[in-house]
Amino acid sequence: MNRRDLFLTSAAFLWLGPLATRSRADTAAPGPLKPEFFTRDAFMSPPQLSPDGTHLAWIENNQIIIHDLKDNSEKGLNGAGNRLEVVQWVGNDYLVVYLKDDEVPKTTTYVKVFSHSPMVITRDAKYVRQLFQRGDKKLTYDDLAPVVRFIDGPAPYLITLERGYTTHIDLATGKRTTGEPLLPGSDHFFDRQGRERMSAEVLDGKVSYGATAVVVNYRPQPGAASQALRLPKQDNIYYLGYQYSEFDNSIYWSEFDYTKGLCSIWRHDIASGEKSLYRSGPNKDMTLTFDPYGHIVGITTVTDRVHTEWTAPYHLKMVGAVEKFFPNAFVDIADMTEDGRHIVFLVSAPEAPDSYYYYSAQTKDLVRVGANYPELDGQALAAMTYVTYKARDGLDIPAYVTARKDTPPNAPLIVMPHGGPRARDVYGFDYQAQYFASKGYVVLQPQYRGSAGFGDTFERAGNIHLDKMTTDLEDGVRYLAAQGRIDPKRVGVAGWSWGGYLAEAALAFTPETYACGIAGAGISDLFDSLEDDNDIFWGGYSMEYWQGVIGRPMRDSAQIHATSPIEHIDAIRAPLLLIHGDSDDNVKVRHSRKMNDAMKRAGKDVTYLEVKFMRHGPNDAAQRLTVLEAMDAFVTKVFAKVG
């Protein structure tokens, strides 16, 4: 067989020399799967290619790794006390290394520390400078500005925004130059030469759904006077996004007609001024996919999984070839040189989480660089299956079922409703679902009414009628019980945020179904939540949205009382584990404290874990491990008594 045809006919998996020893050494020996294998921070960041295709760079174990693809050698640089996140090449000679936006504990709260200004590193792994630092002056938050775009060239620089102007910062020297004044608006788009070509100004934003009116300002030519494209208010229309495309000198935007359930992507040709329909379809989550150089290469939608329809023939060919080797995985291009001769692929599946592969057009070899969960390499994890079942009112409820192949009939079940409710689960690795599945459980993740991604009618179907969200979970339990897959006596429900609300509601309003419940950062008092008019409480969602979901306190008072868990403590029969971070700035910790107190006063079985310094969810490996071990111990104890 001709070696140059190997890539397109069979899998040729090689190892880059230094990586083989390191990656295999970190892989766990056969045996029980420990919870810390699932809760770890990512082992490595997505590898990035230098523009000339001669080097790869990534973060691994808090080190910057620079791998020479020509001689298979590596250089490393530690974080010098910083926690490193991802890397980005700027030309062939510089790397920008982003740091984690950390917070550190102090007494009972978090204090933000400066840790997200990128560091500049040379290709030979030498530290240059902190990007925003001004000479010898100590860096402060006042020095920070948005990172807009890096511009390559003999003296590469950063474009950032300051006081209505662009500012250019030389990567090597830190010298600052004031650029052109910005166009009006909050979102700004630049071409590859660093010139602003478009901005967008939202006139009427509906935070949770989109915008009802937008003005797009643009320059037909670099330096030309700006013109305005108005996206006016239309009946039943929300604008979802907008983008400047340099390579066809066009403006694209998407709009959603929620009465027709139709998403449309429109194109405005700047040269001719003509408007044309680029694509339309019933999926609200439909977006254009651009490569790193600004070319439109596909259209991405979310159905049972994230799916990209590659419109660029080369992308279609290359991704399709890799998908043949990994038919159950999600395959995407993590990075690619502009000539397409060097590609880094992301390959991820529920039972085989994030791995990265390097492809060279010269050798036709697909080379595994590494994985984010090395301890799980080669382990028998669980498949994730997409199903639908009927709710009691006839509505089809999508769901994901995660279970190992060797899971016996009548297995214990964990129901895991997602947060939101305007959110959804997606096909892929879920560390909690996989951990419980590794212990022989079946995990059900229902996409209950109110979930996003299944049509606007479905998304609004649970509004005000939160009891139907709750029975959607119970109907999923009945669906699996009818198949003999689960033991109806050993069923637990565990959710976070809005999923935490649903876990509490499930115990209160369908108490005969569950042996136990776990509510993480759950909303226990609906009236209390609606009275808090601080939008930070809701993570940026508007109160209009929440009143549409929960109800208006005066008009819908009876329904809110009927669906607020803290008012129905007496109906709860099963043990409840409450978990909350004391620094949660989204759902205030008082919800779980009040629920814990009310359960105790009523003589109910309740356990409360308040995690010090945790915000709205586990922020790091230590907090994830604390939470997962608490959940595991709680469920194991309850199911042992039931069994």
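Residues numbered from 1 in each chain as written. Predicted model: local features only at pLDDT ≥ 70, side-chain atom pairs only at ≥ 80, totals over all residues. Heavy atoms only, no water.

**Overview of the overall build of the protein chain**
Within the protein chain one finds twelve helices and 38 strands. What you see for the protein chain is a C-alpha radius of gyration of 26 Å, in line with the 26 Å of a compact globule of 643 residues. Taken along the three principal axes of its C-alpha coordinates, the protein chain extends 70 × 60 × 55 Å. The buried share of the protein chain, taken over its 643 residues, is 55%. For the protein chain, long-range pairs separated by at least 24 residues make up 55% of all intrachain contacts whose partners lie at least 6 apart in sequence. (Helix = DSSP H or I, 4+ residues; strand = E, 2+ residues; numbered from the N terminus. Rg over C-alpha atoms; globule rule 2.2 N^0.38 Å. Buried < 20%, exposed > 50% of the residue type's maximum accessible area, 1.4 Å probe, protein only. Contact = heavy atoms within 4.5 Å.)

**Here we look at the sheet that holds strand β26 (residues 306-310)**
Across the sheet, which stays open at both edges, the three strands sit in the order β24-β25-β26 with antiparallel pairing between neighbours. Among the strands making up the open sheet, the edge pair consists of β24 (286-290) and β26. Each adjacent strand pair in this sheet contributes to an overall mean axis angle of 30°, direction not counted. Note that strand β25 (residues 296-302) and β26 share five bridges and pair antiparallel. (Pairing = 2+ DSSP bridges. Axes fitted to C-alpha atoms, helices over the stretch in contact; angles between N-to-C directions.)

**Some remarks on the nonpolar core**
Of all hydrophobic cores here, the largest spans 55 residues; its most connected members are Leu 413, Val 415, Trp 498 and Tyr 514. By residue number, the principal contributor to this core is helix α7 (residues 498-509), which donates eight residues. In this view, Tyr 514 contacts Val 415, Leu 473, Glu 474, Val 477, Val 491, Gly 492, Val 493, Ala 506, Leu 507 and Ala 574; residues no more than four positions away in its chain are not counted. Phe 436, Cys 516, Ile 579 and Met 614 belong to the second-largest nonpolar core, a separate cluster that totals 32 residues. (Core = buried A, V, L, I, M, F, W, Y, C linked by side-chain atoms within 4.5 Å.)

**Quick look at the pattern of salt bridges**
Tallying each qualifying case throughout the model produces 35 salt bridges. For Glu 162, the salt bridge identified is with Arg 176, shortest N-O distance 3.0 Å. Placement of Glu 162 in strand β13 (residues 157-162) and of Arg 176 in strand β15 (residues 176-181) is noted, with a sequence separation of 14 residues between them. For Glu 162, a relative accessible area of 17% corresponds to the buried category. The class for Arg 176 is partly exposed, based on a relative accessible area of 22%. Across the pair Arg 267 and Asp 269 runs a salt bridge whose closest N-O atoms are separated by 3.1 Å. (Salt bridge = Lys/Arg side-chain N within 4 Å of Asp/Glu carboxyl O.)

**Description of the sheet that holds strand β11 (residues 127-130)**
Across the sheet, four strands lie side by side as β6-β7-β10-β11; this open sheet has antiparallel pairing. Since the sheet does not close on itself, it has two edges, and those belong to β6 (84-90) and β11, each with one partner. Direction aside, the axes of adjacent strands within the sheet are offset by 25° on average. In this structure, strand β10 (residues 119-122) lies alongside β11, joined through three bridges in antiparallel fashion. In the sheet register, Met 119 faces β11, and the bridge partner there is Gln 130.

**Digging into helix α4 (residues 431-438)**
Burial runs high along α4: eight of the eight residues are buried. Taken residue by residue, α4 has Tyr 431, Gln 432, Ala 433, Gln 434, Tyr 435, Phe 436, Ala 437 and Ser 438 as its buried positions. Lining the buried residues of α4 we find α2 (35-39), β32 (396-403), β33 (411-415), β34 (442-446) and α12 (621-642). One side-chain oxygen at the N-terminal end of α4 lies 3.1 Å from the backbone nitrogen of Gln 432; it belongs to Asp 430. Two residues or fewer past α4, Gly 440 is found with a positive phi of approximately 95°. (Polar contact = N/O pair within 3.5 Å; in protein donor to acceptor, adjacent residues only side chain to side chain.)

**Some thoughts on the packing of aromatic side chains**
This structure, assessed with the given rule, holds 14 aromatic pairs. Summarising the aromatic geometry, the rings of Phe 326 and Tyr 357 are spaced 5.3 Å apart at their centres and angled 50° between planes, so their arrangement reads as tilted. Here Phe 326, found in the loop between α3 (313-325) and β27 (330-336), pairs with Tyr 357, found in strand β29 (residues 352-360); they are 31 residues apart in sequence, far enough to count as distant. Tyr 357 shares its class with Phe 326; the two are buried. Ring geometry for Tyr 435 and Phe 436: centres 5.7 Å apart, planes at 65°, overall edge-to-face. The class of Tyr 435 is buried, set by a relative accessible area of 5%. Pairwise contacts between aromatic rings join Phe 38, Tyr 435, Phe 436, Tyr 441 and Phe 639 into one cluster. The ring of Trp 266 carries the charged tip of Lys 275 above its face, separated from the ring centre by 4.3 Å. (Phe/Tyr/Trp six-rings, centres within 6.5 Å; stacked < 30°, edge-to-face > 60°. Lys NZ or Arg CZ within 6 Å of the ring centre and 35° of its normal.)

**Quick look at the layout of surface pockets**
A volume near 910 Å³ is recorded for the largest pocket. In terms of lining residues, the largest pocket is bounded by 31 residues, among which Gln 88, Arg 149, Phe 150, Pro 292 and Tyr 293 are the most central. Contributions of two or more residues to the lining of the largest pocket are made by β2 (48-49), β6, β12 (147-151), β16 (187-190), β20 (237-245) and β27. A total of five residues in the lining of the largest pocket trace back to one element, the largest contributor, which is β12. (1 Å grid on protein atoms, 1.4 Å probe; cavity = no way out; pocket = protein on both sides within 12 Å on 5 of 7 lines; lining within 4 Å. Points joined across faces, edges and corners; volume = space filled by probe spheres on them.)

**Observations concerning the packing of helix α6 (residues 466-482) against α7**
The relative placement of two packed helices comes down to the angle between their axes together with the axis-to-axis distance. Remark: α6 packs on α7, axes separated minimally by 9 Å, with the N-to-C direction vectors making an angle of 80°. Regarding the angle of α6 to α7, the classification is roughly perpendicular. On α7, the residues that touch Leu 466, Met 469, Thr 470 and Leu 473 of α6 are Trp 498, Tyr 501, Leu 502, Ala 505, Ala 506 and Phe 509. For the contact of α6 with α7, a count of residues per class yields nine nonpolar, one polar and no charged. (Parallel < 35°, antiparallel > 145°, perpendicular 65-115°, else oblique. Nonpolar A, V, L, I, M, F, W, Y, C, P; charged D, E, K, R; others polar.)

**With respect to empty space enclosed by the protein**
Counting across every chain of the model gives one cavity of 30 Å³ or more. Counted as a void, the largest cavity has a volume near 30 Å³. Around the largest cavity, the lining residues are Pro 421, Arg 422, Gly 450, Glu 459, Asn 463, Met 469, Tyr 545 and Val 549. Considering only residue class, the lining of the largest cavity consists of four nonpolar, two polar and two charged.

**What to know about helix α9 (residues 543-550)**
For α9, the tally of buried residues reaches six of eight residues, placing the bulk of the element in the interior. On its buried side, α9 packs onto α6, α7, α8 (526-531) and α10 (557-563). Where α9 terminates, the next one or two residues include Gly 551, which has phi positive at roughly 125°.

**Re the environment of Thr 303**
Along the chain, the position of Thr 303 falls in the loop between β25 and β26. Judged by its relative accessible area of 35%, Thr 303 falls in the partly exposed class. Filtering out sequence-adjacent residues up to four positions away, Thr 303 remains in contact with Asn 283, Tyr 400 and Arg 424. Within the structure, Thr 303 has its side chain in polar contact with the side chain of Asp 304 (distance 3.1 Å).

**Comments concerning the packing of α4 against α12**
Here α4 crosses α12 at 40°, and the two axes come no closer than 12 Å. Considering the angle they form, α4 stands oblique to α12. Along this stretch, α4 crosses α12, giving a crossing that reads as right-handed. Contacts from Tyr 431, Gln 432, Tyr 435 and Phe 436 in α4 reach Arg 624, Val 627, Leu 628, Met 631 and Asp 632 in α12. Per-class residue counts for the contact of α4 with α12 are six nonpolar, one polar and two charged. (Left-handed = near helix turned anticlockwise from the far one by under 90°.)

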